[in-house]
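Each chain is listed here by its residues.
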Amino acid sequence: MIKIQIDTKQSSKYIISKHIYGHFAEHLGRCIYDGIWVGPDSKIPNINGIRKDVVEALKNIKIPNLRWPGGCFADRYHWKDGIGPRNLRPKTVNAHWGNIVETNYFGTHEFMETCKLLDCEPYISGNVGSGTVKEMSEWIEYMTFDGESTMANLRRQNGRDKPWKIKYWGIGNENWMCGGNMTANYYTDLLLRYSAYCNDFSGNKLYKVACGPVGEVTIDWVLNWVETILKKTKNRLFFKPIIEGISLHYYTRAGAKPATQMSTRRWYQAMKSALYIETPILEIKNLMDNYDPIKRIGLIIDEWGTWWGVEKGINPAFLYQQNTLADALIAAIHLDIFNRHCDRVHMANIAQTVNVLQSMILTQGDQMLLTPTYHIFNMYKHHQDNKLLPLNIISNDFIHEKFKLPAINGSASIDKENNICLSLTNLNPEENYEIECDFLESRINKNEINATILTSESLNAHNSFESPENVRPENYPIDKFKISNNRLSFEIPSKSVLFITLTQLE
Ligand code: AHR
């Protein structure tokens, strides 16, 4: 029996920002071209070139923001290549992702229209690695300045009269590697300079995100990168803050085989790798608390997800992978961890939205399928903007060869109508567990429970174009719950994710 306690009377003061449920779309493989953009002349149903089916599916999971144009692509992207009449735009080379010709058909206006259709916030990644301060500051002026200026008039000439509102702005991406092979000191000096020219025009207010580390390397390196930024940007608030957020990237890895080759051993390896993200989060939070005890600066996990080998016969630079039950559990593990650390984690972006890495959606011509990861985002959307509830899981560990893992991971929240949301993952691929959840002082009623479960018989279960509904959430029958003394008992099957909502009695 695994015991859980939820103290609804002690709800924390922290809100699970909807932006934790954010996404990322890069000019990489078939993410933008094919996945989002098919062009206005395509036979695939589209709105001004943007796929209708993909827009509808993403709206359904309440996508709160979309990061673009990269990734490593961002530090090679020159935004002026992507404006004006599409037939006149230059053809450039996407040298980081397979030397593919970039038509620049999808540029600033197309991205902003995508965000409008999705009803989500844009998150732009600016070019520090191969760009200039002038180029970045002009991009901001082009997008957000309301008055008469060369940049604002150029925007008007390209069909957009009113400026857009842009909040999230990244100053570089992975500048320690693909974004220019910089040291922490060198990058931070550039950050100070670039930030000075990231202007707030016409009532727009930028939330500037510094390039942070990747969490898969040594903690010393991770902390040194973050501390260099915190130290050098501290006490420079007299004019305006240098940054509002620092990013962190983290990928779950377990060998180079494709996703569907999921052995039991690899399952354990992958779950362990996924759970490890909490280590850099905790370490960075400690450090940030020293420099920024009022928690002004957010930790922005703007790339996370699984990184398996590409599917057979696919260009390795395209990072196209299948998405299995393991991906679903890994998504749930991450989202629960982010929820629990929402005091500092203000935003996160899964990599990547369509056809690349841990996608929500895979496309093939005019067909589209929803992955197991998509279904987790659909179940978990009920946590968005809720208040975090303290959750105590007294979980068994389970052991396999050298792996020792906690059986259950989860998080809880309460919405504005006082409904409690509880998400739980059973990581053990072989054992079901009995759960007893104590709601302490809140009174609960069996008739007011709704539950959804995502699981499957096999570890590598996935959706294909031949069988697109193979893995999908099911209702978890209400008669499987028992209530006594304000305690809720139920079973959570092996390798499953369970999402429960309960209405409290007055
Ligand atoms: O998401 C794929 C790549 O992973 C991104 O372009 C880069 O930032 C990271 O290394």
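Note that this is a predicted model, so its numbers are computed, not measured. (Residues numbered from 1 in each chain as written. Predicted model: local features only at pLDDT ≥ 70, side-chain atom pairs only at ≥ 80, totals over all residues. Heavy atoms only, no water.)

Quick word on the nonpolar core
Soluble globular proteins tend to bury their nonpolar side chains together. Core analysis: the biggest nonpolar cluster contains 159 residues, and Trp169, Ile301, Phe338, Ile376 and Phe490 have the highest contact counts within it. It is helix α9 (residues 325–340) that provides the largest number of residues to this core, a total of 11 residues. Viewed by domain, this core spans two of them, domain 1 (2–8 + 389–504) and domain 2 (17–385), each represented by three or more residues. Other than its neighbours up to four places away in sequence, Phe338 contacts Ile20, Ile277, Ile281, Ile301, Trp304, Val345 and Ala348. Judged by nonpolar contacts, the second largest core, of 6 residues, contains Tyr123, Val209, Ile300 and Met347. (Core = buried A, V, L, I, M, F, W, Y, C linked by side-chain atoms within 4.5 Å. Buried < 20%, exposed > 50% of the residue type's maximum accessible area, 1.4 Å probe, protein only. Helix = DSSP H or I, 4+ residues; strand = E, 2+ residues; numbered from the N terminus. Domains from an automatic or database assignment. Contact = heavy atoms within 4.5 Å.)

Re the environment of Glu135
Along the polypeptide, Glu135 turns up in helix α3 (residues 133–144). Residue Glu135 is classed as buried on the basis of its relative accessible area, which comes to 16%. Residues Glu135 and Thr353 lie 218 residues apart in sequence; the distance between their C-alpha atoms is 27 Å. Leaving out residues up to four positions away in the same chain, Glu135 has contacts with Tyr77, His78 and Trp79.

Quick word on the sheet that holds strand β1 (residues 2–6)
With mixed pairing, 5 strands are arranged side by side in an open sheet as β17-β1-β22-β26-β25. If you trace the sheet from one side to the other, it starts and ends with β17 (391–394) and β25 (482–484), each paired once. Here the strands of the sheet are splayed against their neighbours by 20° on average, with no regard to which way each runs. (Pairing = 2+ DSSP bridges. Axes fitted to C-alpha atoms, helices over the stretch in contact; angles between N-to-C directions.)

Here we look at helix α5 (residues 184–196)
Across its 13 residues, α5 extends 18 Å between first and last C-alpha, which sits within 8% of the 18 Å expected from 1.5 Å per residue. For α5, the complete set of buried residues consists of Ala184, Tyr187, Thr188, Leu190, Leu191, Leu192, Tyr194 and Ser195. On the buried face of α5, the contacting elements are α3, β9 (168–171), β10 (207–210) and α6 (219–233). (Expected span 1.5 Å × (residues − 1).)

With respect to the pattern of salt bridges
Taken as a whole, this structure holds 26 salt bridges when the rule is applied. For Asp200, the salt bridge goes to Lys205, with nearest N and O atoms at 3.5 Å. For Asp200, a relative accessible area of 32% puts it in the partly exposed group. When its relative accessible area of 52% is taken as the criterion, Lys205 is described as exposed. For Arg253, the salt bridge identified is with Glu216, shortest N-O distance 2.8 Å. Highlighted residues: Arg253 in the loop between β11 (245–252) and α7 (264–275) and Glu216 in the loop between β10 and α6, separated in sequence by 37 residues. Since its relative accessible area comes to 38%, Arg253 is described here as partly exposed. Classification of Glu216 by relative accessible area gives partly exposed; the value is 30%. Residues participating in the shared-partner salt-bridge network are Lys285, Asp289, Asp292, Lys295, Asp343 and Arg344. (Salt bridge = Lys/Arg side-chain N within 4 Å of Asp/Glu carboxyl O.)

Some words on the domain arrangement of the protein
When the domains of the protein are assigned, the result is domain 1 (2–8 + 389–504) and domain 2 (17–385). Using C-alpha coordinates to define each centre, domain 1 is positioned 30 Å away from domain 2. Contacts between the two partners involve 43 residues from domain 1, matched on the other side by 41 residues from domain 2. The contact between domain 1 and domain 2 buries some 3400 Å² in all, and 68% of this surface belongs to carbon and sulfur atoms. If you sort the residues of domain 1 by the area they bury against domain 2, Phe403, Leu459 and Phe465 come out on top, with a joint share of 22%. Put simply, domain 1 and domain 2 have 1 salt bridge between them. Residues Glu401 and Arg265 are paired through a salt bridge, measuring 2.8 Å at the closest nitrogen-oxygen approach. Run the count over domain 1 and domain 2 and you get 14 residue pairs in polar contact (both at pLDDT 80 or more). (Buried area = accessible area lost by both parts, 1.4 Å probe. Polar contact = N/O pair within 3.5 Å; in protein donor to acceptor, adjacent residues only side chain to side chain.)

As for unusual backbone geometry
Residue Gly70 is joined to Gly71 through a cis peptide bond whose omega torsion reads 20°. Relative to the helices and strands, Gly71 resides in the loop between β5 (65–68) and β6 (92–94). Gln352 follows Ala351 through a cis peptide bond whose omega is -5°. On the secondary structure map, Gln352 appears in the loop between β13 (345–351) and β14 (361–364). In the Ramachandran plot, Asp385 falls in the positive-phi region, its phi being about 65° despite a non-glycine side chain.

Some remarks on the packing of aromatic side chains
Considering all chains together, one arrives at 26 aromatic pairs under this definition. Grouping aromatic residues by their ring pairs yields a cluster made of Trp37, Trp68, Phe73, Tyr77, Trp79, Phe106, Phe111, Trp139, Tyr142 and Trp169. In this arrangement the basic side chain of Arg67 is found over the ring face of Phe24, its NZ or CZ atom lying 4.6 Å from the centre. It is Arg67 that lies over the ring of Tyr123; its NZ or CZ is 5.8 Å from the centre. (Phe/Tyr/Trp six-rings, centres within 6.5 Å; stacked < 30°, edge-to-face > 60°. Lys NZ or Arg CZ within 6 Å of the ring centre and 35° of its normal.)

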